Every structure is written in C-alpha cells, then in structure tokens.
Amino acid sequence: MRDILCLSNNCPIQFVLGILGSKWSVLILQELLSGDRRTHELLEALPGISSKTLTLRLRELEKHGLLARRVYPEVPPHVEYSLTEKGLEVQPVMIALQQLGEQWLGEKNCSC
C-alpha cells in the first residue's frame, strides 16, 4: 500500500522532498533559521550559489509559504527574507539531519 501511495501524488515524503530536495533550498532555510537576511547576505553565506539560482530558490520557497519577502521602499530597494511559521517547522528536521551527519562523519568507515 505504501508503495502505491508513494507512486501517486499523495506521498508525503515525495511532496516535502519536491519542495526541499534542492541543496540550495535546505541551505537557504538553514541560514534563515538564524534570522532575517538580505539577498547579499545570503549570497555571502552560501559560497557557490549564483544570484540567479538564489533568486529562483527564494521565489520557490516563498511560493510554498516557507519564507516571507519584505520590500522596504528605499533607493536602492531593500529586501529582506524571513521564515514564516511554516518555514520554522523545518527546524526539527534540520537538527535531525545535522545530528545524523555528525554521527556519520564520525564513523571510521564513512567515505564522506
């Protein structure tokens, strides 16, 4: 039954991974767990991400209700991103991933 569920659009794991499955999405959320960030701050905190990719991921996360975009009427425009209540629900998952990563990296036979 579970396999049939996961092949349909109703699989909760596939649904969440569809939103968070990108390396950059998870790292953006991790950075925003520390507080609100401006675009240039995210670019500095995430070496290797292009501004185009960052913009695409931010829009995607905003579309799914995980983050909020606040524009201040200044010249040049001042834009800040913050996690919504829904976005904050990711924190326990991030903590579990960190703990698992630390455990696996500490194993002698880990090829990480």
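As the structure is a computational prediction, the values presented were derived from the model and not from experiment.

Draft legend 1. The nonpolar core, seen in detail. One finds Ile28, Leu29, Leu32, Leu58, Leu61 and Tyr81 to be the most contacted residues of the largest nonpolar core, which totals 19 residues. Here this core takes four residues from helix 3 (residues 23–32), the largest share from any one element. When residues no more than four places from it in sequence are discounted, the contact partners of leucine 58 are Ile28, Leu42, Leu67 and Tyr81.

Draft legend 2. View of the packing of aromatic side chains. Taken as a whole and assessed by the stated rule, the structure comprises zero aromatic pairs. Above the plane of the ring of tryptophan 24 lies lysine 23, whose end atom (NZ or CZ) is 4.6 Å from the centre.

Draft legend 3. View of the packing of helix 3 against helix 5 (residues 51–63). Relative orientation of the contacting elements helix 3 and helix 5 amounts to 75°, with a least axis distance of 10 Å. Classified by the angle between their axes, helix 3 and helix 5 sit roughly perpendicular to one another. Facing Trp24, Ser25, Ile28 and Leu29 of helix 3, the residues of helix 5 in contact are Thr53, Leu54, Arg57, Leu58, Glu60 and Leu61. Tallied by class, the residues present in the contact of helix 3 with helix 5 amount to six nonpolar, two polar and two charged.

Draft legend 4. Seen up close, the sheet that holds strand 2 (residues 67–72). Read from one edge of the open sheet, three strands run 1-3-2, paired in antiparallel fashion. Taken across any chain shown, the strands that pair with only one partner, and hence form the sheet edges, are strand 1 (37–38) and strand 2. In terms of strand pairing, strand 1 meets strand 3 (residues 78–83) through two bridges, oriented antiparallel. Within strand 3, the residue paired with arginine 38 across the bridge is glutamate 80. Strands in contact with helix 3 are strand 1, strand 2 and strand 3; relative to strand 3, the strand with the most contacts, it is inclined by about 95°.

Draft legend 5. Region of interest: the environment of leucine 43. You can see leucine 43 is positioned in helix 4 (residues 39–45). Note on leucine 43: relative accessible area 29%, which makes it partly exposed. Sequence separation of leucine 43 and leucine 54 is 11 residues, and the distance between their C-alpha atoms is 7.5 Å. Excluding residues that lie within four positions of it along the chain, leucine 43 makes contacts with Ile49, Ser50, Ser51 and Leu54.

Procedures and definitions
- Residues numbered from 1 in each chain as written.
- Predicted model: local features only at pLDDT ≥ 70, side-chain atom pairs only at ≥ 80, totals over all residues.
- Heavy atoms only, no water.
- Core = buried A, V, L, I, M, F, W, Y, C linked by side-chain atoms within 4.5 Å.
- Buried < 20%, exposed > 50% of the residue type's maximum accessible area, 1.4 Å probe, protein only.
- Helix = DSSP H or I, 4+ residues; strand = E, 2+ residues; numbered from the N terminus.
- Contact = heavy atoms within 4.5 Å.
- Phe/Tyr/Trp six-rings, centres within 6.5 Å; stacked < 30°, edge-to-face > 60°.
- Lys NZ or Arg CZ within 6 Å of the ring centre and 35° of its normal.
- Axes fitted to C-alpha atoms, helices over the stretch in contact; angles between N-to-C directions.
- Parallel < 35°, antiparallel > 145°, perpendicular 65-115°, else oblique.
- Nonpolar A, V, L, I, M, F, W, Y, C, P; charged D, E, K, R; others polar.
- Pairing = 2+ DSSP bridges.

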